[in-house]
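Inside the fold
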Amino acid sequence: FPMLAARFPDKISGPDAIRAHDSFIVKYDEEGQRALPLHVDESAFSFTIALNDRSCYEGGGTRFERAARPGSDAWAEEVLNADAGG
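Definitions and limits used
Residues numbered from 1 in each chain as written. Predicted model: local features only at pLDDT ≥ 70, side-chain atom pairs only at ≥ 80, totals over all residues. Heavy atoms only, no water. Phe/Tyr/Trp six-rings, centres within 6.5 Å; stacked < 30°, edge-to-face > 60°. Lys NZ or Arg CZ within 6 Å of the ring centre and 35° of its normal. Salt bridge = Lys/Arg side-chain N within 4 Å of Asp/Glu carboxyl O. Buried < 20%, exposed > 50% of the residue type's maximum accessible area, 1.4 Å probe, protein only.

1. A few points about the packing of aromatic side chains
This model, assessed by the stated rule, comprises 0 aromatic pairs. Lying over the aromatic face of Phe 8, Arg 7 brings its terminal NZ or CZ to 5.1 Å of the ring centre.

2. Observations concerning the pattern of salt bridges
Taken as a whole and assessed by the stated rule, the structure comprises 1 salt bridge. Here Asp 10 makes a salt bridge to Lys 11, at a shortest N to O gap of 3.5 Å. Judged by relative accessible area, which is 60%, Lys 11 ranks as exposed.

In structure tokens form, the structure reads like this:
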């Protein structure tokens, strides 16, 4: 949570002030769960963490339907892409 607190200091006073309220793990598999349906998260912050190295799979990604500015491919400032590598 330190990264989120540093990025949004006006909304999060520090890393100890944020907690996971609703968490779940999705295992995507060609034979099983291939995707999540379009949905709206009911939280102030939502994030996706890949549990495998990128070399372990092809494709994937997260799309934020309402984050693009009209007429632009640019991310809204509320979307933070913090690629940790891999």
